[in-house]
Amino acid sequence: MNWDQIKGNWTQAKGKIQQQWGKLTDDDLDIVEGKREELIGKIQEKYGIAKEAAEKQVDDFCKKG
């Protein structure tokens, strides 16, 4: 799955994203609204990790589909 597919199916993707990153709230995901960079920023903020690590996690999530 690529990011365009995730963005296009954001409502369904939100559930999978919350399973992967449990610290993200519904409000966080409403703010993200399918924007990859916003998601990376929220993951950084909630988990206290570097941008590169958050980007890798998002890339791995997309590959896993």
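Before reading on, note that the structure itself is shown above.
1. Topic: the side chain of Lys14
At step 1: The residue Lys14 is located in helix H2 (residues 10-20) in this model.
At step 2: In contact with Lys14, other than residues within four places in its own chain, are Leu29 and Asp30.

2. Some remarks on the packing of helix H4 (residues 36-47) against helix H5 (residues 51-64)
At step 1: Closest axis-to-axis distance for the H4/H5 pair is 9 Å, and the angle between their directions is 120°. When the axes of H4 and H5 are compared, the pair comes out oblique. The handedness of the crossing between H4 and H5 comes out as right-handed. Taken together, the residues of H5 that come into contact with H4 (itself represented by Arg36, Glu37, Leu39, Ile40, Ile43 and Gln44) are Lys51, Ala54, Glu55, Gln57, Val58 and Asp59.

3. Considerations on the nonpolar core
At step 1: The biggest cluster of nonpolar side chains holds 16 residues, and the ones touching the most others in it are Trp10, Ile17, Leu39 and Val58.
At step 2: Sorting the residues of this core by element identifies helix H1 (3-8), H2, helix H3 (26-32), H4 and H5 as the ones contributing at least two each.
At step 3: If you tally residues by element for this core, the top one is H5, at four residues.
At step 4: Beyond its immediate sequence surroundings of up to four residues, Leu39 is in contact with Trp3, Ile17, Leu24, Leu29, Val32 and Val58.

The rules we used
- Residues numbered from 1 in each chain as written.
- Predicted model: local features only at pLDDT ≥ 70, side-chain atom pairs only at ≥ 80, totals over all residues.
- Heavy atoms only, no water.
- Helix = DSSP H or I, 4+ residues; strand = E, 2+ residues; numbered from the N terminus.
- Contact = heavy atoms within 4.5 Å.
- Axes fitted to C-alpha atoms, helices over the stretch in contact; angles between N-to-C directions.
- Parallel < 35°, antiparallel > 145°, perpendicular 65-115°, else oblique.
- Left-handed = near helix turned anticlockwise from the far one by under 90°.
- Core = buried A, V, L, I, M, F, W, Y, C linked by side-chain atoms within 4.5 Å.
- Buried < 20%, exposed > 50% of the residue type's maximum accessible area, 1.4 Å probe, protein only.

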